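What follows is each chain in one-letter form.
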Amino acid sequence: MDFQRFETIIGNIMFFWVVCCAAVWLINRKKKKAVTGKVRKWILYISIIMLASYFLTNIVRNTISFTSLEKAISFYGKTNQQGHPLIGEETAFVPESDEGIIYVNIYEKRKDKWKLPQDFSLGGNRNAAGNSAMDKNTADYSAGITWDGNTDSCYIFLWDSTENGWKKRNVKDSENSNFIYFGSKLGKGLNVSIYYSYLKEVPSDYKLYIDDYEIEVDWRELLENR
């Protein structure tokens, strides 16, 4: 079992335990009875175990490091399908698919060693700040950037959630970047793919296209709002 799967199981168990505690409290309140001392002790003991497991996973996530990105990815988890890693100067951009939903993991490099990714969607990685925006004309496309640590470089990415979004299409930009494709097909209406590349410098007039369609977002705001 990889770390990511273990962390997910711990999270699910904690959620189930909170629901159980709430159910016990509501049942006793409805019956106008106090929770017995024995039940309270078991609730306390199990809650301590749950919290200890949660803090342990966070300690591991924030302290362990690896000599190579491949080792970090292998430890964190290869249970889910992984996209091709795109390595910058201080971080690495690695998408993955979990039951048809694509997530992005940002691995950070510190003192020549790789750290496990934080929750990118919540901005947990202090060196993975990013911005994204939906296309002004359609909800099928959204684009964004995430900075490569403290450098002036960034990763550029495009989400395609059209009906045939899992099919590889022609994506290009004004900087002649080479885009990497990673797609996932779960079912009708649940298909999505991501295209991502790396910009060494922030361009003054950036444009992004998928096939012959120009993605319309405010690139100036995305690239300047750090």
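Residues numbered from 1 in each chain as written. Predicted model: local features only at pLDDT ≥ 70, side-chain atom pairs only at ≥ 80, totals over all residues. Heavy atoms only, no water.

## Considerations on the pairing of strand β9 (residues 154-160)
A regular strand places its side chains on the two faces of the sheet in alternate fashion.
Then step 1. With seven of seven residues buried, β9 is to be regarded as a mostly interior element.
Then step 2. In the sheet, strand β8 (residues 141-147) pairs with β9 via seven bridges, with the strands oriented antiparallel. Residue pairing for β9: W147 is matched across the bridge by C154.
Then step 3. The turn joining β8 and β9, which pair antiparallel and follow one another in sequence, is formed by six residues; a positive phi near 60 degrees is taken by G149. (Buried < 20%, exposed > 50% of the residue type's maximum accessible area, 1.4 Å probe, protein only. Helix = DSSP H or I, 4+ residues; strand = E, 2+ residues; numbered from the N terminus. Pairing = 2+ DSSP bridges.)

## Comments concerning the packing of aromatic side chains
Then step 1. Scanning the model with the defined rule gives 11 aromatic pairs in all.
Then step 2. Look at Y181 and Y195: their rings are 5.4 Å apart centre to centre, the planes differ by 45 degrees, and that puts the pair in the tilted class. Taken together, the residues Y181 in strand β11 (residues 180-185) and Y195 in strand β12 (residues 191-199) connect sequence positions 14 residues apart.
Then step 3. Residue classification places Y195 among the buried positions, given a relative accessible area of 1%.
Then step 4. Chaining the aromatic ring pairs together yields one cluster made of F93, Y155, F157, W159, Y196 and Y198. (Phe/Tyr/Trp six-rings, centres within 6.5 Å; stacked < 30°, edge-to-face > 60°.)

## What to know about a nonpolar patch on the surface
Then step 1. On the surface, a nonpolar cluster with roughly 460 Å² of combined accessible area is contributed by W42, L44, Y45 and I48.
Then step 2. Positionally, L44 belongs in helix α2 (residues 37-63). (Patch = residues over 30% accessible without salt bridge, like charges linked within 9 Å, V, L, I, M, F, W, Y side chains within 5 Å. Areas by Shrake-Rupley, 256 points an atom, 1.4 Å probe, with all protein chains shown as cover. Salt bridge = Lys/Arg side-chain N within 4 Å of Asp/Glu carboxyl O.)

## Some points on the pattern of salt bridges
Then step 1. The final tally for this structure, using the stated rule, is six salt bridges.
Then step 2. The salt bridge involving E89 is made with K200; its shortest N-O contact spans 3.1 Å. With E89 in the loop between β3 (86-87) and β4 (91-98) and K200 in the loop between β12 and β13 (208-210), this residue pair connects regions lying 111 residues apart in the sequence.
Then step 3. When its relative accessible area of 46% is taken as the criterion, E89 is described as partly exposed.
Then step 4. Judged by its relative accessible area of 52%, K200 is exposed.
Then step 5. Here D211 and R169 are joined by a salt bridge, their closest N and O atoms 3.0 Å apart.

## Looking at the packing of helix α1 (residues 3-30) against α2
Then step 1. Relative orientation of the contacting elements α1 and α2 amounts to 155 degrees, with a least axis distance of 10 Å. It follows that α1 is roughly antiparallel to α2 by the angle criterion. As for how α1 packs across α2, the hand of that crossing is left-handed. Contacts from F3, F6, E7, I10, I13, M14, W17 and C21 in α1 reach W42, I43, I46, S47, M50, L51, S53, Y54, T57, V60 and R61 in α2. (Axes fitted to C-alpha atoms, helices over the stretch in contact; angles between N-to-C directions. Parallel < 35°, antiparallel > 145°, perpendicular 65-115°, else oblique. Left-handed = near helix turned anticlockwise from the far one by under 90°. Contact = heavy atoms within 4.5 Å.)

## Remarks on α1
Then step 1. Taking 1.5 Å of rise per residue, 28 residues should cover 40 Å, and α1 covers 41 Å from first to last C-alpha, within 8% of that figure.
Then step 2. Of all the positions in α1, only F3, Q4, I10, W17 and N28 are classed as buried. (Expected span 1.5 Å × (residues − 1).)

## Things to note about unusual backbone geometry
Then step 1. Positive phi is not limited to glycine here, since D112 has a value of about 65 degrees.
Then step 2. Looking at the secondary structure, you find D112 in the loop between β5 (101-110) and β6 (113-115).
Then step 3. Taking relative accessible area as the criterion, D112 reaches 61% and is therefore assigned exposed.
Then step 4. Although it is not a glycine, N176 adopts a positive phi angle of roughly 55 degrees.
Then step 5. Relative to the helices and strands, N176 resides in the loop between β10 (171-173) and β11.

## Quick notes on the sheet that holds β10
Then step 1. Strand order in the open sheet formed by three strands is β10-β13-β14, with antiparallel pairing between adjacent strands. The open sheet terminates on both sides in strands that have one partner only, identified here as β10 and β14 (213-214).
Then step 2. Of the strand pairs in this sheet, β13 and β14 are connected by two bridges, and their pairing is antiparallel. The residue bridging Y209 from the neighbouring strand is E214, located in β14.

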